[in-house]
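# Notes for the structure review
Listed below are the residues making up each chain.
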Amino acid sequence: MAHGEGDPGVFTATALPGDPRLLPTVTNAFLGTRVFRDILHAAGVYSGAAGDTHRADVPSPLGLRMAAPGAHCPAESFTLDTWTGTFSHTIRSPGYTATHQLYAHHSLVHLMAFSITVRRLDGSTHPITVQLQSLFVPQSQDLDLTPGPDFQGAQTAPESRSTASAPAACPTAPAARTTGDTSSGTSQSRLVAWQDTWVFPNILLLYPEAARAVLHYRLRTLEGARRNAQEQGYEGAKFPWESAATGREVCPEEIYGAQEIHVSGDVLMAFEQYYCTTQDQQLFREDGGWELVEAVAQYWCSRMEWSEEEQLYHIRGVMPPDEYHSQVDNSAFTNAVARRSLNFAADLARDLLLPVPEEWEDRARKIKVPFDEERKYHPEYDGYSPALSPGEPVKQADVVLLGFPLMHPMSAEVRRNDLEMYEPVTDPAGPAMTWSMFAVGWLELKELQRARSQLQKCFSNITEPFKVWVENSDGSGAVNFLTGMGGFLQVVLFGFTGFRITRSGLLFDPAFPDDITKLNVSSISYLGNKLEVTITREETRMEVTETCRDPPASALEAVLESGQRFPLREGQSISFPTAPGWIQRSPGRTT
């Protein structure tokens, strides 16, 4: 495989992968298809109900294969350009090149398109013919389709084979172009599962407007989450483990939907991160954000039981993120995220000048988060002990998530013990995002080579030649595994930089392995400002490159732990020796 002339965002190969699951996907987040496939999927178009829900297969006229007629085998190449979101198949014959390009339109999101371009390489006047093979059939097992006009007069051909010819003496001729217009449908889809933790933070730091749209999805599904809680006998809102259009649980395996309840806290953590990063009170005052926060807090309170023996609140009968265990009591992660939910709900109520229910603060103080005082680590749940069950596997990152992203209070000693306790018992064939979180933990502790060795494990989940992620390192599980991609990106955005989103500021504490000498991150969004941050081991440089005018952005400053302050003004670069610190509102200064 050869890369696109060294461009890290362009992947080129002379042959396709043998496993068709590893063909790349082209999408604009509304329409998407796997290349050379006869179906596409559209946001909002689903089939089935409850555990049978899935994305509806929409017949696609885009799944063409181009070939040169005759017995000779011309040179071929296949290129995925992730910068432009295009996939190209090119045939190179002695007298011409033919390129088939497929893309989802960036601005007209209801459109996907392909083009076929034939270009002469000599002065010949002989006709050039390429064959186009299509599997398109206007039928779907999921949809009841009726004939209708094509988009803006474009036509699709139902034939299984056609030819495209370049006229004689024409240097370049676009031979065919077709577009598809697909509208939204109904029902539900298993579409969202725990991406609030893995994907959302990356979107938030780079594209806060898109992050807001993600949160609006949760707002739209709040009523379904309320029904989930009610059906299980609880108050408030319980968000589904696998979510679709309505917020009702659509996971096909009941145990996950019933027990993996930490997802409600993960949803609320996304709202908290957004609030701390943007201070957008409109989302909470006018758009329904407060009602969602309040409902999740109510759910957690109703889910807790008081233990007279321990004088603490318990949450019983859950599945932690480690899905090898179920029906456990007091999952450390579940209880810690519940505490964070209640603390955020109370803080937000005060910011919005609303009354704070006493039970929220009481239960946040008194919920049990298992901790072994003697060995200074967090057991995964009540009764868990690697020493008593040596080698008992843990499926994926679980307790290590207490340090990041939960930022549960603990000493460096406890953080280290958690990492060392769970690293050897975590299944090496488990999901891809796991090792990213171990890497972030070791970066926090400045154990740079240990961090690198954990991050290196992620690369076994990236397949050739188009860098498609798979869930498990043996190639099994989900393909285009967003959770793994999101975890990997968080190592860069939050691990190497040390960024942590807090109520008081955006913390930073850079650290990266020896083989990385400089890190440059552009378009970091914070309180209405866009920042560019460049970090080396010796120096950190920051610049506000853009500020929002409506509403006006907050004036910022960088503060080091030593007490030094550096005002951040638009268009002015500041630098200081690389050290821990934070970015905060500049007191007494306006943009």
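About the thresholds
Residues numbered from 1 in each chain as written. Predicted model: local features only at pLDDT ≥ 70, side-chain atom pairs only at ≥ 80, totals over all residues. Heavy atoms only, no water. Pairing = 2+ DSSP bridges. Helix = DSSP H or I, 4+ residues; strand = E, 2+ residues; numbered from the N terminus. Phe/Tyr/Trp six-rings, centres within 6.5 Å; stacked < 30°, edge-to-face > 60°. Lys NZ or Arg CZ within 6 Å of the ring centre and 35° of its normal. Salt bridge = Lys/Arg side-chain N within 4 Å of Asp/Glu carboxyl O. Buried < 20%, exposed > 50% of the residue type's maximum accessible area, 1.4 Å probe, protein only. Contact = heavy atoms within 4.5 Å. Lys, Arg positive; Asp, Glu negative; His and termini not counted. Axes fitted to C-alpha atoms, helices over the stretch in contact; angles between N-to-C directions. Parallel < 35°, antiparallel > 145°, perpendicular 65-115°, else oblique. Nonpolar A, V, L, I, M, F, W, Y, C, P; charged D, E, K, R; others polar. Disulfide = S-S within 2.5 Å. Expected span 1.5 Å × (residues − 1). Left-handed = near helix turned anticlockwise from the far one by under 90°.

Strand order in this open sheet of five strands is β21-β22-β29-β26-β27, and the pairing throughout is antiparallel. Single-partner strands in this sheet number two, and they are β21 (500-501) and β27 (565-568). Sheet topology note: the β21/strand β22 (residues 506-508) ladder contains two bridges and is antiparallel. Within β22, the position partnered with I501 by the bridge is L506.

In this section: the pairing of strand β4 (residues 31-34). The sheet contact formed by strand β3 (residues 25-27) and β4 spans three bridges and is antiparallel. From the neighbouring strand, T25 faces β4, where its bridge partner is R34. Between the antiparallel neighbours β3 and β4 lie three residues, among them A29 with a positive phi of about 80 degrees. Summarising the sheet, β4 and strand β5 (residues 39-42) pair through two bridges and their orientation is antiparallel. Bridge assignment links L31 to a residue of β5, and that residue is A42. Taking the residues that link successive antiparallel strands as the turn, the β4-β5 hairpin has four residues, and the phi of F36 there is positive, at about 65 degrees.

What follows concerns unusual backbone geometry. Along the chain, E464 connects to P465 via a cis peptide bond; the corresponding omega equals 5 degrees. For P465, the location among the structural elements is in the loop between β19 (462-463) and β20 (468-469). Cis geometry marks the peptide bond from D550 to P551; its omega dihedral reads 0 degrees. Its place among the elements puts P551 in the loop between β25 (539-547) and β26 (556-560).

Turning next to the packing of aromatic side chains. The relation between two aromatic rings is expressed through the spacing of the ring centres and the mutual angle of the planes. Counting across every chain of the model gives 24 aromatic pairs. Between Y377 and Y422 the ring centres are 6.3 Å apart and the planes differ by 50 degrees, which places this aromatic pair in the tilted class. Pair noted here: Y377 is in the loop between α10 (358-366) and α11 (412-422) and Y422 is in helix α11, with a separation of 45 residues, a long-range link. An aromatic cluster is present here, built from F36, F78, F87 and F466 joined pairwise through their rings. The lysine or arginine in question, R65, covers the ring of F36, its NZ or CZ lying 4.4 Å from the ring centre. Positioned above the aromatic ring of W442, the side-chain terminus of R450 is 3.8 Å from the ring centre.

In this structure the tally under the stated criterion is 30 salt bridges. We note a salt bridge from R212 to D280, for which the minimum N-O separation is 2.7 Å. Residue R212 is located in helix α3 (residues 208-220), and its partner D280 is located in the loop between α6 (262-278) and α7 (282-285); the two are separated by 68 residues in the primary sequence. The residues R212 and D280 share a single accessibility class, namely buried. One salt bridge in this structure joins R350 and E361, with 2.8 Å as the shortest N-O distance. Of the two residues, R350 sits in helix α9 (residues 332-351) while E361 sits in helix α10, which places them 11 residues apart along the sequence. Of the residues examined, R350 reaches a relative accessible area of 40% and is grouped as partly exposed. Counted as one network, the salt bridges with shared partners bring together D347, R350, D351, E361 and R503.

By the element assignment, Q232 lies in the loop between α4 (222-231) and α5 (254-259). A relative accessible area of 32% means that Q232 is categorised as partly exposed. Sequence-wise, Q232 and I39 are 193 residues apart; in three dimensions their C-alpha atoms are separated by 38 Å. When residues no more than four places from it in sequence are discounted, the contact partners of Q232 are K238, G257 and A258.

Attention now moves to the side chain of D427. Locating D427 in the fold gives a position in the loop between α11 and α12 (433-444). Buried charged residue D427 carries no salt bridge. Nearest counter-charge: K395, at 8.5 Å. Dropping the residues within four chain positions of it, D427 is found in contact with Y324, V394, K395 and W435.

Glancing now at α11. Helical geometry: 3.6 residues make up each α-helical turn, so side chains three or four residues apart lie on a common side. By the burial criterion, the buried members of α11 are V414, R415, N417, D418, L419, M421 and Y422. Taken together, the buried residues of α11 touch α12.

A sheet is described by the order of its strands in space; here four strands give the open sequence β23-β24-β25-β28, paired in antiparallel fashion. A strand with exactly one partner marks an edge of an open sheet, and here the two such strands are β23 (518-526) and β28 (573-577). Along the sheet, successive strands turn relative to each other by an average axial angle of 20 degrees, direction set aside. Across seven bridges, the pairing between β23 and strand β24 (residues 529-536) is antiparallel.

Running from amino to carboxyl end, α12 crosses helix α13 (residues 448-457) at an angle of 170 degrees, the nearest separation of the two axes being 8 Å. Judged by the angle between their axes, α12 and α13 are roughly antiparallel. Here α12 contributes W435, F438, A439, W442 and L443 to the contact with α13, which in turn contributes L448, R450, A451, Q454, L455 and K457. Looking at the contact of α12 with α13, its residues break down into eight nonpolar, one polar and two charged.

Let us look at the state of the cysteines. For the structure shown, the criterion picks out zero disulfides. Between C276, a free cysteine, and C548, which holds the nearest cysteine sulfur, the sulfur-to-sulfur gap is 19 Å. Of the residues examined, C276 reaches a relative accessible area of 5% and is grouped as buried.

This part takes up α12. Look at α12: 17 Å from first C-alpha to last across 12 residues, which is about the 16 Å you get at 1.5 Å a residue. Counting buried positions over the 12 residues of α12 gives 11, a clear majority of the element. Listing the buried residues of α12 in full gives M433, T434, W435, S436, M437, F438, A439, V440, G441, W442 and L443. Of the residues trailing α12, K446 is marked for its positive phi of about 65 degrees.

What follows is about the packing of α3 against α6. α6 packs onto α3 with a crossing angle of 145 degrees between their chain directions and a minimal axis gap of 11 Å. As α3 packs across α6, the resulting crossing turns out to be left-handed. Only V267, A270, F271, Y274 and T278 of α6 make contact with α3, whose side of the interface consists of P208, A211, R212, L215, R218 and L219.

The subject of this paragraph is the pairing of β26. Burial runs high along β26: five of the five residues are buried. Residues L556, A558 and L560 line one face of β26 and the alternating positions E557 and V559 line the opposite face, and both faces are buried. Judged from the four bridges that link them, β26 and β27 form a sheet pairing that is antiparallel. Note that in β27 the partner of E557 across the bridge is P567. Direction of pairing for β26 relative to strand β29 (residues 581-585): antiparallel, over a ladder of five bridges. Bridging across to β29, V559 finds its partner in W582.

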